[in-house]
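# Descriptive structure summary
This is what each chain is made of:
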Number of protein chains: 2
Amino acid sequence: MDCLHEEEKWTRDEINKAQLVRLQNTVEQALKAPYYAKKLKEAKINASTIKSLDDLKKIPFTTKDDLRAGYPDAFLATPRSEIVRLHASSGTTGTPTVICHTQDDINSWADLMARCMYMVGIRREDSFQNMAGYGLFTGGLGIHYGAERLGCMTIPAGAGNTRRQLKFIQDFKVKAVHILPSYALHIGEKLKEDGFDPRELPAKIALIGAEPHTEEARQRIEHLLGLRAFNSYGLSEMNGPGVAFECIAQNGLHVWEDAYIVEIIDPKTLEPVKDGEIGELVFTTLCRKGMPILRYRTRDLSRFINGSCVCGREHRRIDRILGRSDDMLIIKGCNFYPMQVEQVLLSFPQVGQNYVLELIKEGSIDQLQVKVEINPAFFEEEKKEDMRVLHQLQRNIAERLKDELLFTPKVDLVEANSLPKSEGKAIRVVDKRKD
Amino acid sequence: MDCLHEEEKWTRDEINKAQLVRLQNTVEQALKAPYYAKKLKEAKINASTIKSLDDLKKIPFTTKDDLRAGYPDAFLATPRSEIVRLHASSGTTGTPTVICHTQDDINSWADLMARCMYMVGIRREDSFQNMAGYGLFTGGLGIHYGAERLGCMTIPAGAGNTRRQLKFIQDFKVKAVHILPSYALHIGEKLKEDGFDPRELPAKIALIGAEPHTEEARQRIEHLLGLRAFNSYGLSEMNGPGVAFECIAQNGLHVWEDAYIVEIIDPKTLEPVKDGEIGELVFTTLCRKGMPILRYRTRDLSRFINGSCVCGREHRRIDRILGRSDDMLIIKGCNFYPMQVEQVLLSFPQVGQNYVLELIKEGSIDQLQVKVEINPAFFEEEKKEDMRVLHQLQRNIAERLKDELLFTPKVDLVEANSLPKSEGKAIRVVDKRKD
Ligand SMILES: [Zn+2]
Ligand SMILES: [Zn+2]
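Residues numbered from 1 in each chain as written. Chains lettered and ligands numbered in written order. Predicted model: local features only at pLDDT ≥ 70, side-chain atom pairs only at ≥ 80, totals over all residues. Heavy atoms only, no water.

Going by what an unreviewed UniProt entry lists, chain A is known as Phenylacetate-coenzyme A ligase and is assigned to Desulfovibrio litoralis DSM 11393. Entered under Function (unreviewed entry) in the UniProt record, the comment concerning chain A runs "Catalyzes the activation of phenylacetic acid (PA) to phenylacetyl-CoA (PA-CoA)." UniProt, in the comment section headed Pathway (unreviewed entry), describes chain A in these words: "Aromatic compound metabolism; phenylacetate degradation." (UniProt positions renumbered as here; feature names shortened; annotations may be inferred.)

Structural data, given as structure tokens:
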């Protein structure tokens, strides 16, 4: 395996052994923070409680509300003079979620990020353009420090100024970019409109993350720009980017288990989901000194991808982010997430690029109405035939959805381009129950 | 002297000796760049030409147009694989001015910046908030790396979001900020409007730069916010911030002469101005590997401040930026800069906060009309008296201006608040010659 760090080659056994020792150290370190000193004492937990990785379950969860309530100091596990960096989560008003890092924390974060970039083929001699906003948002400086650690020529382009972004990509033969998926699609379409083939740009690798996007959006980005796009996952509470990253197999994101313990739980019961089932990601830092965080509930939905990866890494893989735990829907007593519907739909080649989930009332009972566009090629071929083929497709989709959701939704096949478009975004849900 | 680096304690002799060796090395390094290989060969210059610092004069100037014409590669003196960072000058359309840095370049830039911050009283254990935009603009990452080098808790707040900026300053007891002078004034006034005393903020040190501002604007910032504001000078072609910086004496900015050679020239004759006279700053890098630049004409106006500094540093001091060489005016055959007029006006205690320079026609001859507001306190006291006192003041100002400019402008004393305001900006010049 051609990789940057020895830790990437660890066997499951080596990972587990290291995790146990690091978890014990992390609990010890966390006890220096006022919040955990109280919380862990109440739960009667200290480093010696953790005799095996199974004992992780004894530790209470930490939520975003806990972090907010602990602002600004309650999670600090070192004297403030040891802190060299502060980051805050974006997009919130009111009390921000703030994470403080020591120099060691910053260094190991940069290492993890450099490892991700090396894994997808970026090398020291390559030019790298960081097209994400800098500042408190961790996507900017997080990726920047990783590229610098790798020794790339790093262009801190930031967000905006598309014309200059494109000029630099061409003039400095930029091999890899970090870009929001929606911005990648925007740039690609814009270039095509201007009569330029975006596939001729020198960029051959894109790191995409920070906003949820579908597999289909990724493939469109790759096709439009003539590059390979790799999914990046992170959140400021766990440093930022560099928590989990796709390898060149592009089949799930390896969680760096030498630095994080990952769990997936049912957000209702708080118990682990069955392997492969969708649930809420929960992370524990294993290397952080400034602000260790135990069992952090991310509200991000994913699932484990089982089996061994062709790249040889044994660090567990998670699926792309499939939504937020707050997105969970309940119809006819069954819990499900919109992304589960999308995954069923995408498994049918006859299904087009757009679909919408409508929540409707049938009398007094809630029901799910799935409207899905049919691939134009398929539609035109078939329309001379009788409608039986379409009815059969509709029945097949409904049946597969029943297998997944445990109830039978209504399925409506519609013509291509008849539904409103939603660029690169998660699947749309429209609640019509109040109409 | 309590300072971060030994170089700060160097005597004039030690500075000169180091400069000579470093200049020779820099010429040798520059010859690896295609632009200088050609340019220096034409001028028959190589490292052995430089036998004393006086030989600097033999080296041709480099201009912004040269840098543009050399885009993207002609100034590169190392293989591109050694480059880890690219920055570009802001505010230009068309071909950008791009500077490429090796890891050593980035490190020594961070050292210089950390030295500036330590010099004005910022310490490892302090919190530091960087309120400048990040990205290609060097003010963001340049200051960020300096603060990190010093080991401060660095808050990469970036520009904007005033409410959050203020929250962090208070909640993390931020001792020092990097802020645009106009933004500092804006925040101070805003807080006062909201009934809050901005002097109660914990911030006690402000680094201000990036836009020209007067001494009076600095004093207003200090008074309004209850802190000390230190003038920062730099330009992306010479890395960015960290070229010259005020010490606690606040009487001129020390140029870090272990890293730069500074000259001040007459932009017309290209000869050195007399000591203490205003001219265009010219810099030569002494430590840069990626893109050494020789005798760069900055177009920024300043002058040397003579005599020894109370802080003990022998690194030469320059005045705050007094305008752009493009601002030069010619009246009655005499060249002068608006800032020279301001300096004369400010030496009169009776002169108020606002003045305007009007360029007018007297028949076919160009003339300068100086309209200046009189301090209200002075005006009210005197108005019961006869007008002789005012006439005397007017004559005194005109005479002092003649000494400075070598011609006699018209001087008009006007009432306070009768001229349009110009917040924290360089003095206004209105050309009425075409009316
Ligand atoms: Zn893999
Ligand atoms: Zn001094």
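Now that the structure is up, let's keep going.
## Structural notes on the coordination of the zinc ion (ligand 2)
Think of it this way: four donors in a tetrahedron around the metal ideally sit 109.5 degrees apart, and six in an octahedron ideally sit 90 or 180 degrees apart. Residue and element names in this part refer to chain B. Each protein donor to the zinc ion (ligand 2) is listed here as Cys247 (SG), His254 (NE2), Cys309 (SG) and Cys311 (SG); together their distances run 2.1 to 2.2 Å. If you look at the zinc ion (ligand 2), its four donor atoms make angles of 101 to 118° with each other, and the shape they trace is tetrahedral. Written as a sequence motif, the donor arrangement for the zinc ion (ligand 2) is C-x6-H-x54-C-x1-C. Of this pair, His254 sits in strand β9 (residues 253-255) while Cys309 sits in the loop between β13 (304-305) and β14 (317-318), and the two are 55 residues apart along the sequence. For the pair formed by His254 and Cys309, the shared burial category is buried. (Donors = N, O, S within 2.8 Å, 3.2 Å for Na, K, Ca; no water. Tetrahedral: all angles 85-135°; square planar, octahedral: opposite > 155°, others 65-115°. Helix = DSSP H or I, 4+ residues; strand = E, 2+ residues; numbered from the N terminus. Buried < 20%, exposed > 50% of the residue type's maximum accessible area, 1.4 Å probe, protein only.)

## Section: the domain arrangement of chain A
All names here are of chain A. By the assigned domains, chain A splits into domain 1 (1-326) and domain 2 (329-431). Contacts between the two partners involve 16 residues from domain 1, matched on the other side by 11 residues from domain 2. Between domain 1 and domain 2 lies a buried interface of about 1,200 Å² when both sides are counted; carbon and sulfur atoms form 58% of it. Applying the counting rule to domain 1 against domain 2 returns zero salt bridges. Inspection of the region where domain 1 meets domain 2 yields one residue pair in polar contact (both at pLDDT 80 or more). Here the residues of the side of domain 1 that touches domain 2 are counted per class, giving seven nonpolar, three polar and six charged. (Domains from an automatic or database assignment. Contact = heavy atoms within 4.5 Å. Buried area = accessible area lost by both parts, 1.4 Å probe. Salt bridge = Lys/Arg side-chain N within 4 Å of Asp/Glu carboxyl O. Polar contact = N/O pair within 3.5 Å; in protein donor to acceptor, adjacent residues only side chain to side chain. Nonpolar A, V, L, I, M, F, W, Y, C, P; charged D, E, K, R; others polar.)

## A word on the interface of chain A and chain B
Bring the parts together and some accessible area is lost; that lost area is often taken as the interface size. On the chain B side, the residues contacting the 39 residues of chain A number 39 residues. Its largest share of buried area at the contact with chain B, chain A owes to Arg80(A), Leu136(A) and Phe172(A), together 16% of the area lost on that side. Counting the contacts that link chain A with chain B gives four salt bridges. With a closest N to O distance of 3.2 Å, Arg85(B) and Glu148(A) form a salt bridge. Counting across the interface, chain A meets chain B through 21 residue pairs in polar contact (both at pLDDT 80 or more). When residues of the side of chain A that touches chain B are traced back to their parent elements, those giving at least two are β1 (83-88), α4 (103-119), α5 (138-150), β4 (153-155) and α6 (162-171) of chain A. Residue contributions to the side of chain A that touches chain B peak at six residues, all from β1(A). Tallied by class, the residues present in the side of chain A that touches chain B amount to 20 nonpolar, nine polar and 10 charged.

## Comments concerning the relation of the copies chain A and chain B
With an RMSD of 0.2 Å, the operation that places chain A on chain B is a rotation of 180° combined with a shift of 0.1 Å along the axis. Both chain copies can therefore be described as sitting about a two-fold axis. Across chain A, the smallest distance between a C-alpha and the rotation axis is recorded for Tyr134(A), namely 2.9 Å. Interface overlap between copies: 100% of the residues of chain A at the interface are likewise at the interface in chain B, consistent with a symmetric, same-surface contact. (Least-squares fit on C-alpha atoms with pLDDT ≥ 70 in both.)

## Section: the side chain of Glu148(A)
In this structure, Glu148(A) sits in helix α5. Among residues more than four places away in sequence, those in contact with Glu148(A) are Thr154(A), Arg85(B), Gln103(B), Ile106(B) and Tyr145(B).

## So, helix α8 (residues 215-225) of chain A
Residue and element names in this part refer to chain A. Along α8, the residues classified as buried are Ala217, Arg218, Ile221, Glu222, Leu224 and Leu225. Next to the buried residues of α8 lie α7 (181-193), β6 (205-209), β7 (228-234) and β8 (241-246). Positive phi shows up at Gly226, right after α8, with a value of about 60°.

## Section: the packing of aromatic side chains
Inspection of every chain in the model, using the stated rule, returns 17 aromatic pairs over all chains. Aromatic rings pair up to connect Tyr35(A), Tyr36(A) and Phe75(A) into one cluster. Geometry around Trp256(B) places Arg115(B) over its ring, the cationic atom sitting 4.6 Å from the centre. The ring centre of Phe61(B) lies 4.1 Å from the NZ or CZ of Arg295(B), which sits over that ring. (Phe/Tyr/Trp six-rings, centres within 6.5 Å; stacked < 30°, edge-to-face > 60°. Lys NZ or Arg CZ within 6 Å of the ring centre and 35° of its normal.)

## Topic: the sheet that holds strand β12 (residues 296-302) of chain A
Residues and elements named next belong to chain A. Spatial ordering of the open sheet is given by β10-β11-β12, a layout of three strands whose pairing is antiparallel. Both outer strands of the open sheet, β10 (260-265) and β12, are each paired with one neighbouring strand and no more. In this sheet, neighbouring strand axes are inclined to one another by 30° on average, regardless of whether the strands run parallel or antiparallel. Pairing between β10 and strand β11 (residues 279-285): six bridges, direction antiparallel. (Pairing = 2+ DSSP bridges. Axes fitted to C-alpha atoms, helices over the stretch in contact; angles between N-to-C directions.)

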